[in-house]
There are 4 protein chains.
Amino acid sequence: MLNVSIIGASGYSGAELAKLVARHPEFSLTHCFVSEQSTDKHKLISELYPEHTGLLDIELEPLNQQAFSLIEQSTDYVCLCTDHKVSVELAPVFLQMGKRVFDLSGGYRLSDNEDYETYYGFSHPYQDWLTQAQYGLAEWYGDAIKAAKLVAVAGCYPTAALNALKPLQQADLISAQPVIINAVSGVTGAGRKANVTSHFCEVSLAPYGLFTHRHTPEIEKYLSHPVLFTPHLGNFKRGILETIYVTLKENVTTNQVDAAYQVLADEPLIRLKASQLPSIKAVENQPFVDIGWQQKGNQLIVVVAIDNLLKGAAGQALQCMNLAAGLDHYQGLGMSA
Amino acid sequence: MLNVSIIGASGYSGAELAKLVARHPEFSLTHCFVSEQSTDKHKLISELYPEHTGLLDIELEPLNQQAFSLIEQSTDYVCLCTDHKVSVELAPVFLQMGKRVFDLSGGYRLSDNEDYETYYGFSHPYQDWLTQAQYGLAEWYGDAIKAAKLVAVAGCYPTAALNALKPLQQADLISAQPVIINAVSGVTGAGRKANVTSHFCEVSLAPYGLFTHRHTPEIEKYLSHPVLFTPHLGNFKRGILETIYVTLKENVTTNQVDAAYQVLADEPLIRLKASQLPSIKAVENQPFVDIGWQQKGNQLIVVVAIDNLLKGAAGQALQCMNLAAGLDHYQGLGMSA
Amino acid sequence: MLNVSIIGASGYSGAELAKLVARHPEFSLTHCFVSEQSTDKHKLISELYPEHTGLLDIELEPLNQQAFSLIEQSTDYVCLCTDHKVSVELAPVFLQMGKRVFDLSGGYRLSDNEDYETYYGFSHPYQDWLTQAQYGLAEWYGDAIKAAKLVAVAGCYPTAALNALKPLQQADLISAQPVIINAVSGVTGAGRKANVTSHFCEVSLAPYGLFTHRHTPEIEKYLSHPVLFTPHLGNFKRGILETIYVTLKENVTTNQVDAAYQVLADEPLIRLKASQLPSIKAVENQPFVDIGWQQKGNQLIVVVAIDNLLKGAAGQALQCMNLAAGLDHYQGLGMSA
Amino acid sequence: MLNVSIIGASGYSGAELAKLVARHPEFSLTHCFVSEQSTDKHKLISELYPEHTGLLDIELEPLNQQAFSLIEQSTDYVCLCTDHKVSVELAPVFLQMGKRVFDLSGGYRLSDNEDYETYYGFSHPYQDWLTQAQYGLAEWYGDAIKAAKLVAVAGCYPTAALNALKPLQQADLISAQPVIINAVSGVTGAGRKANVTSHFCEVSLAPYGLFTHRHTPEIEKYLSHPVLFTPHLGNFKRGILETIYVTLKENVTTNQVDAAYQVLADEPLIRLKASQLPSIKAVENQPFVDIGWQQKGNQLIVVVAIDNLLKGAAGQALQCMNLAAGLDHYQGLGMSA
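Residues numbered from 1 in each chain as written. Chains lettered and ligands numbered in written order. Predicted model: local features only at pLDDT ≥ 70, side-chain atom pairs only at ≥ 80, totals over all residues. Heavy atoms only, no water.

J.: Explanation requested: helix α5 (residues 113-120) of chain A in the structure shown.
T.: Residues three or four positions apart in an α-helix share a direction because the helix packs 3.6 residues into each turn. Three or more residues of α5(A) are buried, namely Asn113(A), Tyr116(A), Tyr119(A) and Tyr120(A). Seen along its axis, α5(A) keeps its buried residues to an arc of 140 degrees; they face one direction. In this structure, α5(A) carries Glu114(A) and Thr118(A) as exposed residues pointing more than 90 degrees from its buried face. Each element contacted by the buried residues of α5(A) is listed here: α4 (84-96), α6 (127-132) and α9 (215-223) of chain A together with β13 (289-296) of chain D. Structurally, the start of α5(A) carries an N-cap: the backbone nitrogen of Glu114(A) is 2.7 Å from a side-chain oxygen of Asp112(A). Once α5(A) finishes, Gly121(A) follows within two positions and takes phi at roughly 75 degrees, a positive value. (Buried < 20%, exposed > 50% of the residue type's maximum accessible area, 1.4 Å probe, protein only. Helix = DSSP H or I, 4+ residues; strand = E, 2+ residues; numbered from the N terminus. Arc of directions from axis to C-beta. Contact = heavy atoms within 4.5 Å. Polar contact = N/O pair within 3.5 Å; in protein donor to acceptor, adjacent residues only side chain to side chain.)

Given below as structure tokens:
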């Protein structure tokens with residue numbers, strides 16, 4: 001059994017990850033932490049999430065000095081479900097302890113410091129760790145993740161976009177034009193912190209972050225192709241749907257497109273729907289990436305859907321932890337109906 | 001034209017009232033205020049509520065000293081859409097200025113100070129004004145409201161419950177047993193302030209405030225009958241539905257019940273649905289009280305629905321202001337399809 | 001392994017049961033059927049429910065003559081997820097084959113034929129089977145269910161109401177007055193058949209079936225106490241919340257009430273929340289019954305919530321099948337976070 | 001007063017139009033019809049739409065022979081809220097009676113018969129009327145609509161798309177590449193007829209009609225530019241949000257784009273939001289077109305939102321009727337907060 005501690009376990013991603021680790025046959029959920037300032041300190045996860053009563057009655061301990069020594073002694077894997085500013089500082093501390101660190105934030109996903117300045121508004125203080133960090137997209141970088149000390153778990157939007165686009169890019173079918181990604185995310189993607197934006201009466205389908213969203217450079221880096229990424233907030237709780245507009249190279253046939261996606265045909269967490277199009281409903285509370293596509297001439301529309309917490313964020317992190325532990329990446333993701 | 005100022009115009013009730021006053025033929029919306037501490041200070045209402053762009057581009061002024069003199073000079077009616085603690089203190093200030101005050105909070109609805117201690121947790125500092133305050137339930141206290149300097153506008157739950165029950169009580173059809181009121185309110189009823197309770201992902205049908213809700217003594221006072229009032233938060237934005245269980249006196253006939261409701265037959269804002277039962281959908285964004293009822297032996301179920309903002313809160317306040325101005329109480333409530 | 005066939009597997013209960021049986025370690029999902037007239041005939045369950053793609057790609061076979069011989073040869077347990085009129089006729093056919101029958105409809109839940117005439121509008125043609133049928137409420141009739149050939153699986157509303165009320169009735173704490181049950185169900189409870197009532201734009205919190213709902217006699221029979229049961233349709237997909245008003249006998253203490261519920265303390269699928277009140281969110285997609293209560297004098301309010309498909313309907317049926325198979329009643333109900 | 005009859009008044013568009021006509025100062029709602037086969041025949045609109053009780057208690061008469069003579073004698077304007085197949089046949093009948101016809105279907109929107117064969121699957125039987133039909137997009141074809149006998153009211157998606165794109169096209173700012181329109185519509189857009197697609201539990205954000213939607217040729221015809229139009233069904237009741245990706249010609253400045261939109265600056269039903277982006281919430285139950293845009297290099301993203309019934313469909317039809325009657329096109333569209 002490997003001992004796992006989660007920092008930032010009160011949020012949606014952290015609690016989802018706690019749930020997955022707690023029921024995983026090979027992992028033991030040793031400790032869950034929140035910041036010392038948090039009003040959730042010393043509460044049980046099941047007090048914040050009554051659905052977990054009897055299943056996740058574990059205390060949210062404050063991340064104080066004592067906590068660090070606790071982690072040093074008791075933990076193999078440290079999961080950071082914290083804001084990128086916090087993750088950037090915490091990761092090196094635990095890495096120096098010799099722990100394996102899985103960071104769900106964007107703090108170590110980009111290699112180019114200029115991107116951090118442009119999209120995150122700060123100069124990255126730990127270039128060395130940045131260089132060593134391995135991007136955590138389980139279906140694509142399995143061997144590297146196995147070996148990595150620091151895994152920068154893929155973002156939720158990129159998890160969907162990259163699984164949908166890398167097959168086409170690997171097969172060299174995409175023309176030079178930027179790929180347009182129109183994405184809609186459920187409100188869990190905005191986090192549990194209370195603010196007017198996530199108020200029940202204020203949520204309404206609307207775009208945000210045009211041209212400036214932090215997942216733009218992340219997708220471009222791992223796709224090696226320019227994208228125009230436009231996120232929207234949708235009025236549903238869980239799930240991401242991306243409608244992707246690809247201009248194909250001249251004379252690319254539907255057979256070539258279908259063949260390109262065969263690279264994912266054996267992936268147990270990926271469902272190739274071909275012309276049957278994905279929906280939020282079909283992936284809600286499911287660990288799958290659903291991918292569908294339709295083509296007309298050199299215009300290809302790819303539609304991809306995931307559960308932003310169970311395949312994105314927490315699920316993706318668990319896949320990376322499985323790989324680090326030498327297990328099948330999909331273990332503990334409950335692929336039953 | 002009468003000049004109206006609204007204190008607390010950034011919340012759901014305040015903005016709804018601002019909307020109603022702004023398009024009222026006889027009222028002029030002179031000023032809208034928020035507390036000096038509010039981050040919405042100096043914003044336009046239409047910045048907070050983009051649906052009102054071009055219709056309600058009025059500034060939210062801070063309620064500072066200058067504001068009070070502004071109100072003294074320019075305003076006839078002052079509407080308090082503030083927390084009851086704030087209303088309790090503000091009302092006397094404006095009354096001393098000789099203004100007519102319409103308080104949408106519970107600060108002046110109860111006459112018995114003991115009820116304030118039990119349900120509101122404070123001893124009421126202005127017993128004299130409490131005695132002079134007139135309860136603002138337009139269909140039932142029209143003449144008194146016309147004459148009142150201080151109107152304590154009825155609460156949203158009581159607006160529905162009292163219109164549904166007073167006809168039966170006036171006809172002396174209710175047995176001694178407490179009336180059971182099972183109520184469900186939309187999330188606007190919980191206010192616009194951001195907190196986890198009103199987070200899009202946390203809202204879910206659930207009861208709250210069992211035995212202790214502040215509307216219990218309010219309903220009991222104006223019904224003159226004991227009630228067991230149980231509110232629930234529902235996963236919809238606007239509207240209140242109350243399913244009310246009345247034990248009738250022995251041998252009360254359906255004709256007697258139907259006859260009792262005839263007292264409301266000519267009220268333009270009340271729709272007697274008889275056996276056709278109300279729903280949230282039928283009253284959403286409507287100024288009506290829908291009342292339906294079915295009887296079996298001495299068990300009577302009355303179902304009543306209103307829009308908590310447009311018939312409750314803001315709408316009810318406008319009705320009271322109409323009465324004070326010598327107008328039809330329903331004027332400006334847009335009773336068109 | 002026991003072989004299970006499901007009749008009526010295209011509806012919400014049937015598909016949920018198919019999902020549970022398919023992943024159950026001791027059961028094998030042999031066949032799924034729909035009526036010969038159904039347009040879903042020969043489709044896969046996963047075509048109707050894309051979320052089950054790769055998990056439940058099983059054909060919906062037409063229930064024709066050949067189907068009956070297939071069942072005769074291949075099946076141990078037959079589950080009827082059909083309308084009560086259909087179930088009433090099908091159950092005896094499979095019972096004569098010597099199969100164990102689990103009927104999710106109301107066709108065999110009531111013993112009194114008069115109740116069938118009053119509430120179901122027909123005279124029951126199979127009094128003998130009606131006498132032999134065992135009511136399927138797993139937590140309360142385990143031994144009898146073990147032995148029964150025909151199990152009339154409890155309805156969704158009664159599953160919630162009876163688990164909440166039988167402890168009080170067994171402890172003899174309920175006064176003579178009828179218990180008032182105010183219930184709200186998600187739209188899956190109304191079935192998958194398309195009609196205006198379940199249209200996305202028409203659904204809105206509203207009561208229905210006052211004084212006449214078929215679950216009234218069912219609850220009264222197994223509670224042995226009169227109830228006033230008022231169902232509502234709520235604007236959510238899954239879940240039932242019941243707010244129950246009990247008039248206790250004189251001088252019943254909170255200790256007596258708490259003690260009464262201890263009879264359920266060891267039930268793995270029941271979560272006693274005491275003063276912490278249940279919500280729809282806490283039971284959605286969960287196999288639990290959440291029960292909370294608060295008391296004032298002799299007025300007791302019990303709030304109970306279940307997932308209408310996963311604890312009601314399909315889940316309840318699986319519990320009964322487990323019992324029939326000599327397994328723990330909760331096996332295969334995935335009680336992990 | 002002009003007499004108006006509505007054919008197909010039981011659907012969402014028809015009922016919305018009936019509401020608008022009933023409260024319009026210059027129009028009189030003479031008759032509302034449904035097909036002779038309809039089960040809603042002889043019901044009141046307010047029975048189907050309880051929110052209209054007391055406001056729209058008008059009978060849905062069967063469209064039989066007698067109905068046609070009724071219309072001939074009593075009606076000035078005939079509104080067709082019927083399926084395009086029905087509209088195509090009915091329009092000429094009423095035109096021969098000398099009535100002005102406003103068709104809300106797609107039956108007369110396209111001039112090219114080939115488009116009807118490709119997108120509607122039939123060859124248009126009335127080429128002459130097709131030629132005379134005037135497209136009903138009020139802000140753009142006012143004078144022609146004034147003079148037209150037959151108005152083919154613009155579709156809901158095109159109403160949003162054309163108001164958002166025609167200013168750019170008129171200013172000649174759009175490059176040769178197809179414009180990509182990613183659109184999401186509320187469920188009222190799918191009509192009131194019950195089917196699984198609009199079942200409360202089945203609705204979920206998902207795309208449909210890729211490359212084949214009937215509004216594609218409609219938008220292309222009136223924009224005179226190729227578009228890639230991808231509609232989605234969203235899980236909300238009313239409203240359309242379109243996120244539009246335009247590749248501008250080289251070196252087009254933001255000033256040029258802003259200037260282009262000035263052509264709409266004085267339109268009372270159009271709100272130019274510039275960099276503040278539209279949302280569904282801001283246009284729900286509002287007669288406005290909200291348009292926002294942001295630019296990066298030669299990539300322009302235009303976001304446009306409307307209420308699909310109150311600005312699209314019924315609202316658009318009323319605008320056309322106003323024009324035909326020589327009134328301001330926005331009259332009766334209640335532009336108050």
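J.: Explain the relation of the copies chain A and chain D to me, please; I cannot follow it from the model alone.
T.: What relates the pair of chain copies is a rotation about an axis plus a shift along that axis. The operation relating chain A to chain D is a screw motion whose rotation component is 180 degrees, with 0.0 Å of axial translation and a residual RMSD of 0.0 Å. Overall, the copies show the geometry of a two-fold rotation axis. The overlap is high: 97% of the interface residues of chain A also sit at the interface in chain D, so the same surface is used on both sides. (Least-squares fit on C-alpha atoms with pLDDT ≥ 70 in both.)

J.: How should the packing of aromatic side chains be read in this particular structure?
T.: Aromatic rings in a pair are described by how distant their centres are and how their planes are angled relative to each other. For the structure on display, the rule yields 50 aromatic pairs over all chains. Measuring from ring centre to ring centre gives 4.9 Å for Tyr157(D) and Phe229(D), while their planes differ by 70 degrees; the resulting arrangement is edge-to-face. Here the residue Tyr157(D) occupies a position in helix α8 (residues 156-170), and Phe229(D) occupies one in strand β10 (residues 227-233), the gap between them amounting to 72 residues. Members of the aromatic cluster, joined through ring pairs, are Phe27(A), Tyr77(A) and Phe102(A). (Phe/Tyr/Trp six-rings, centres within 6.5 Å; stacked < 30°, edge-to-face > 60°.)

J.: Looking at this structure, how should I read the pattern of salt bridges?
T.: A side chain with one charge can pair with a side chain of the opposite charge if their charged atoms come near. The final tally for this structure, using the stated rule, is 52 salt bridges over all chains. Residues Glu16(A) and Arg238(A) are paired through a salt bridge, measuring 3.0 Å at the closest nitrogen-oxygen approach. Note that Glu16(A) is positioned in helix α1 (residues 12-22) and Arg238(A) in the loop between β10 (227-233) and β11 (240-247), a separation of 222 residues in sequence. Each member of the pair Glu16(A) and Arg238(A) is classed as buried. Put simply, Asp83(C) and Lys85(C) hold a salt bridge, and the shortest N to O gap is 3.9 Å. (Salt bridge = Lys/Arg side-chain N within 4 Å of Asp/Glu carboxyl O.)

J.: Which parts of the structure should I look at to understand the interface of chain A and chain D?
T.: Many authors give the size of an interface as the accessible area that is lost as the parts come together. Listed per partner, the contact involves 34 residues of chain A and 33 residues of chain D. Interface area for chain A against chain D, summed over the two sides, is near 3000 Å², with a carbon-plus-sulfur share of 65%. On the chain A side of the contact with chain D, Leu205(A), Phe211(A) and Tyr245(A) bury the most area, a combined 22% of that side's loss. Here chain A and chain D share two salt bridges between them. Our enumeration of links across chain A and chain D arrives at 13 residue pairs in polar contact (both at pLDDT 80 or more). For the side of chain A that touches chain D, the secondary-structure elements that each account for two or more residues are β8 (179-185), β9 (206-207), β10, β11, α11 (280-283), β13 (289-296) and β14 (299-306) of chain A. Among the elements that make up the side of chain A that touches chain D, the one with the highest residue count is β8(A) (four residues). Tallied by class, residues from the side of chain A that touches chain D come to 20 nonpolar, eleven polar and three charged. (Buried area = accessible area lost by both parts, 1.4 Å probe. Nonpolar A, V, L, I, M, F, W, Y, C, P; charged D, E, K, R; others polar.)

J.: Help me understand the sheet that holds strand β1 (residues 2-7) of chain B in this model?
T.: Picture the strands of a sheet paired through backbone hydrogen bonds; they go either parallel or antiparallel. Residue and element names in this part refer to chain B. Overall, parallel pairing links the seven strands, which are arranged β3-β2-β1-β4-β5-β7-β6 in an open sheet. This sheet does not close on itself; its edge strands, each paired only once, are β3 (60-62) and β6 (134-136). In this sheet, adjacent strand axes meet at a mean angle of 30 degrees when their direction is disregarded. Relative to strand β4 (residues 77-80), β1 is paired through four bridges, and the arrangement is parallel. The residue bridging Val-4 from the neighbouring strand is Tyr-77, located in β4. Set on the sheet, helix α4 (residues 84-96) makes contact with β1, β4, β5 (100-103) and β7 (150-153); between it and β4 the angle comes to about 175 degrees. (Pairing = 2+ DSSP bridges. Axes fitted to C-alpha atoms, helices over the stretch in contact; angles between N-to-C directions.)

By themselves, these figures tell us nothing about what the structure is for.
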